[in-house]
Amino acid sequence: MAVDIQFSQSYHWLSSWILANVIQLATQDFCERFVDYNMDPGRRLYDQMVMAARCVVANIAEGSSRHSTSVESEMRLLDVARASNDELQGDIFNFLLRKKADVWAIGNTDRETIWQMRLDTPQYTNSYLHDAALHILAQKSKFDQWLENDNPEIVANALLILCLRENRMLQAQIQHQLANFRQKGGFTENMTAERLEARKAQASSNAAPSCPKCGKPMLKRMQKKGQMHGREFWGCSDYPKCNGIMPLTPD
């Protein structure tokens, strides 16, 4: 598997990032309209909800940008995004509890409509930032009858469902990256593989001896342990599959 440094802003095409932007916009509007000084005199709840929504967007972007060089970092950042989304979900849930409002149950018509509504696939041109902005706003408009409602309980319930959807998306994304890592390895593993391939090619071009066991080109190696530490020898380029060795003779 060759090392492949991908476009670092490919997250613009991710449904999880697009929905996270919809949630961020809706959360900012929700807090401006309904998280007032009577409910939140210190404005800490306002700040925490807005920042939690922002963190989801930011960590998806940062994690996706690290995909080419560290799948582990990508999965960690996606998990941070998931935790921030859960934090926001908890604050919205608490808002409904404080209002003694009804939390929509499975089967509620509005809940099921929001849960089932699909996001469109992005169709971007070279002006992808311009197109992404239009796309996000178009996706948000699908939910505006709930998100821009004058009833805070309806808005909070709609946000709650969108947070649940975002959680599912992030969970699936993490599982997908984990499966890819198991199959293809990460940046470190692939860099090692590329280095070994380059050394094999160099050995072939330098007329290195063939392995007495499998016949493949051999590489100069150095003893790293024991009494012979520092001694050079010929080792099979297909190690560890083949452990053939030969003493290194002067030219």
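Definitions and cut-offs
Residues numbered from 1 in each chain as written. Predicted model: local features only at pLDDT ≥ 70, side-chain atom pairs only at ≥ 80, totals over all residues. Heavy atoms only, no water. pLDDT = per-residue confidence, 0-100. Helix = DSSP H or I, 4+ residues; strand = E, 2+ residues; numbered from the N terminus. Salt bridge = Lys/Arg side-chain N within 4 Å of Asp/Glu carboxyl O. Buried < 20%, exposed > 50% of the residue type's maximum accessible area, 1.4 Å probe, protein only. Pairing = 2+ DSSP bridges. Axes fitted to C-alpha atoms, helices over the stretch in contact; angles between N-to-C directions. Core = buried A, V, L, I, M, F, W, Y, C linked by side-chain atoms within 4.5 Å. Contact = heavy atoms within 4.5 Å.

## Some thoughts on the confidence of the model for the protein chain
Summary statistics for the protein chain give a mean pLDDT of 86 and a share of 83% for residues scoring 70 or more. No element of the protein chain has a lower mean pLDDT than helix α8 (residues 187-205), which averages 56, and none a higher one than helix α6 (residues 144-147), which averages 98.

## So, the pattern of salt bridges
For the coordinates displayed, the defined rule picks out eight salt bridges. With its nearest N and O atoms 3.1 Å apart, the salt bridge here joins Arg 76 to Glu 72. Here the residue Arg 76 and the residue Glu 72 both occupy positions in helix α3 (residues 71-98), the gap between them amounting to four residues, near one helical turn. When its relative accessible area of 48% is taken as the criterion, Glu 72 is described as partly exposed.

## What to know about the sheet that holds strand β1 (residues 218-222)
Read from one edge of the open sheet, three strands run β1-β2-β3, paired in antiparallel fashion. Looking at the sheet topology across the chains shown, the edges are occupied by β1 and β3 (245-247). Across the sheet, the mean angle separating the axes of adjacent strands is 35° when strand polarity is ignored. Where strand β2 (residues 232-236) lies against β3, three bridges are found, and the strand directions are antiparallel. Among the inter-strand pairings, Gly 235 is bridged to a residue of β3, identified as Ile 245.

## Some points on the nonpolar core
Phe 30 and Phe 143 are the most contacted members of the largest nonpolar core, which has 51 residues in total. Only α1 (15-34), α2 (44-65), α3, α5 (128-141), α6 and α7 (152-184) provide two or more residues apiece to this core. Among all residues touching Phe 30, those that are not within four sequence positions of it are Val 35, Met 49, Phe 95, Pro 152, Val 155, Ala 156 and Leu 159. Counting six residues, the second-largest nonpolar core is a separate cluster that includes Cys 211, Met 218, Trp 234 and Cys 242.

## Observations regarding unusual backbone geometry
Of note in the backbone geometry, Arg 43 takes a positive phi value of approximately 60° without being a glycine. Looking at where Arg 43 falls in the secondary structure, it is placed in the loop between α1 and α2. One non-glycine residue with positive phi stands out, namely Lys 100, at about 55°. You can see Lys 100 is positioned in the loop between α3 and α4 (109-116). Residue class for Lys 100 comes out exposed when judged on its relative accessible area of 75%.

## Section: the environment of Leu 129
By the secondary structure assignment, Leu 129 is in helix α5. Overall, Leu 129 belongs to the exposed group, its relative accessible area being 53%. Distance in space between the C-alpha atoms of Leu 129 and His 12 is 8.2 Å, their sequence separation being 117 residues. When sequence neighbours within four positions are dropped, the list of residues in contact with Leu 129 reads Gln 9 and His 12.

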